[in-house]
Amino acid sequence: MTDVRCETARELIPDLVGGRLGAAEASRVAAHLETCADCRAEAELVRLLYVARPQVPESVTGRVLAAVRADAPHGRRPWWGLAAAAVAVLALGIGVASRSGRDTETVVPGFAAQGTSTTGAWVSDNGMVAGAPALDGLSDEALQTLLEELESNGTGGSA
Amino acid sequence: MKTDASGEAITDAELVRRGREGDEIALGELVDRHQAAAFRVALSLVGDGDVAQDVVQDAFLRAFRGLRGFRGDATFRTWLLTITANTARGALRRQGRRREARLEAAGPVPAEDMDPHESVAVGEAAERARALLQELPEKQRMAVQLRIDEGLSFREIGDIIGSSEGAARVNYFHGIHRLREWME
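Keep in mind that this is a model prediction, so the values were computed, not measured.

## Describing the overall build of chain B
Phase 1: A count of helical and extended segments in chain B gives eight helices and zero strands.
Phase 2: The order of α-helices and β-strands along chain B, N terminus first, is α-α-α-α-α-α-α-α.
Phase 3: Buried positions account for 40% of the 184 residues belonging to chain B.

## Description of the environment of A:Ala26
Phase 1: Tracing the sequence through the fold places A:Ala26 in helix 2 (residues 23–35).
Phase 2: As for A:Ala26 and A:Ile13, which are separated by 13 residues in sequence, their C-alpha atoms are 9.1 Å apart.

## Here's the deal with the interface of chain A and chain B
Phase 1: Across the boundary between the two partners, chain A contributes 29 residues, which contact 39 residues of chain B.
Phase 2: Contributions of two or more residues to the side of chain A that touches chain B are made by helix 1 (6–17), helix 3 (37–51) and helix 4 (59–71) of chain A.
Phase 3: Looking at the side of chain A that touches chain B, the element that brings in the most residues is helix 4 of chain A, giving nine residues.
Phase 4: Class assignment for the residues of the side of chain A that touches chain B results in 18 nonpolar, three polar and eight charged.

## What to know about the packing of helix 6 (residues 138–148) of chain B against helix 8 (residues 165–183) of chain B
Residues and elements named next belong to chain B.
Phase 1: Here helix 6 crosses helix 8 at 90°, and the two axes come no closer than 8 Å. As judged from the angle between their axes, helix 6 and helix 8 are roughly perpendicular. For the pair helix 6 and helix 8, the contacting residues are Lys139, Gln140, Arg141, Ala143, Val144 and Arg147 in the first and Ala168, Asn171, Tyr172, His174, Gly175 and Ile176 in the second.
Phase 2: Here the contact of helix 6 with helix 8 is composed, by residue class, of five nonpolar, four polar and three charged.

## Some words on the nonpolar core
Phase 1: In this structure, A:Leu49, B:Ala38, B:Ala42 and B:Val56 are the most contacted members of the largest nonpolar core, which totals 68 residues.
Phase 2: By residue number, the principal contributor to this core is helix 2 (residues 24–46) of chain B, which donates 12 residues.
Phase 3: In contact with B:Ala38, other than residues within four places in its own chain, are B:Val56, B:Ala59, B:Leu80, B:Leu81 and B:Thr84.

## Looking at the packing of helix 1 (residues 12–20) of chain B against helix 2 of chain B
Residue and element names in this part refer to chain B.
Phase 1: Running from amino to carboxyl end, helix 1 crosses helix 2 at an angle of 140°, the nearest separation of the two axes being 7 Å. Judged by the angle between their axes, helix 1 and helix 2 are oblique. Seen along the crossing, helix 1 lies across helix 2 with a hand that is left-handed. Here Asp12, Leu15, Arg18 and Gly19 of helix 1 come into contact with helix 2, specifically with Ala26, Leu27, Glu29 and Leu30.
Phase 2: Its residues assigned to classes, the contact of helix 1 with helix 2 shows four nonpolar, one polar and three charged.

## A closer look at helix 1 of chain A
Phase 1: Taking 1.5 Å per residue, 12 residues should reach 16 Å; helix 1 of chain A reaches 16 Å between its end C-alpha atoms and fits that length.
Phase 2: All buried positions along helix 1 of chain A are accounted for by A:Ala9, A:Arg10, A:Leu12, A:Ile13, A:Pro14, A:Leu16 and A:Val17.
Phase 3: Against the buried residues of helix 1 of chain A lie helix 2 and helix 3 of chain A together with helix 6 of chain B.
Phase 4: Among the residues trailing helix 1 of chain A, A:Gly19 stands out with phi positive, at a value near 70°.

## With respect to helix 6 of chain B
Phase 1: Buried residues dominate helix 6 of chain B, accounting for nine of its 11 residues.
Phase 2: B:Lys139, B:Gln140, B:Met142, B:Ala143, B:Val144, B:Gln145, B:Leu146, B:Arg147 and B:Ile148 are the residues of helix 6 of chain B that are buried.

## Describing the confidence of the model for chain A
All names here are of chain A.
Phase 1: Confidence in the prediction of chain A, expressed as mean pLDDT, is 68, and 44% of residues score 70 or more.
Phase 2: Within chain A, strand 1 (residues 111–113) has the poorest average pLDDT of any element, 39, and helix 1 the best, 97.
Phase 3: This stretch, residues 77–82, has a pLDDT under 50; its non-local contacts, to residues over four places away or in other chains, come to six contacts.
Phase 4: Counting contacts from residues 154–159, a segment whose pLDDT is below 50, to residues more than four positions away or on other chains yields eight contacts.

What counts and what doesn't
Residues numbered from 1 in each chain as written. Chains lettered and ligands numbered in written order. Predicted model: local features only at pLDDT ≥ 70, side-chain atom pairs only at ≥ 80, totals over all residues. Helix = DSSP H or I, 4+ residues; strand = E, 2+ residues; numbered from the N terminus. Buried ≥ 20, exposed ≤ 12 C-beta atoms within 10 Å, placed from the backbone. Contact = placed C-beta atoms within 7 Å. Nonpolar A, V, L, I, M, F, W, Y, C, P; charged D, E, K, R; others polar. Axes fitted to C-alpha atoms, helices over the stretch in contact; angles between N-to-C directions. Parallel < 35°, antiparallel > 145°, perpendicular 65-115°, else oblique. Core = buried A, V, L, I, M, F, W, Y, C linked by C-beta atoms within 7 Å. Left-handed = near helix turned anticlockwise from the far one by under 90°. Expected span 1.5 Å × (residues − 1). pLDDT = per-residue confidence, 0-100.

Shown next as structure tokens:
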């Protein structure tokens, strides 16, 4: 075991008191304190300071987190918000295409017109209605956000 | 502490990366990890628990707003505590009053296996030591507090108090030396 000098011990006393040293280093510093009264006295002072360190009030966490949430930029949305917006654009675009398709036979790549547009919907190669599968996968919260975005944009789904 | 799929603790750097993408859970974990240190730094500078809470809240908001500009040269903890110290000094300037050494938020934590009488004696000595700590000049006080309470290196302490690593070390040992004299 390598002996620890006073200079090294005094630097490491705060970590010893705070339990931040590895076992081997902690035992080396502790061994030095047993033989050095001056370092032992300093360790005692550090211990007194450490045990009386101010504790954080429980209310801090809630305050900070609430402030962080309230401070989130309006433009920043969680991933599902972006997905909902993308689905909305896709659904609206296809809705427009399907209505005008009665007259113009517009072709959307990757999708084929169903029948003679009597349903006003488009089906993809696997027969699923455009937009519907993604909307089914959204949570109620995401769908609510989507509806709010449509209303706030004045589209109201009636484009 | 938050861990990844392999059970390893997620680093602050990874939480910062997630926080930049708007991950509120990651931001919450950063708050959880560093709020106590931020509170103690704020309390040491403003001397009032309520004001210190305001400072901590403001400091986290400033830090999170600036996450995209955080280059990672320092640790998130050092960066946050530097912001906290600056925010606390700003709060003092705005209030136009001196720091009061009020430590109502402090409380000794006696060891569980300690005799009740011994516990009381240690508690009184600890409170006295802590009160005397507040009498040190700011840089000495901060150096002692950040080294003992938070386990920061002298380099990190220097970054926070605006001095070199060597000066932070000198401030720490001068502060400890004074406290030992005052406690005798």
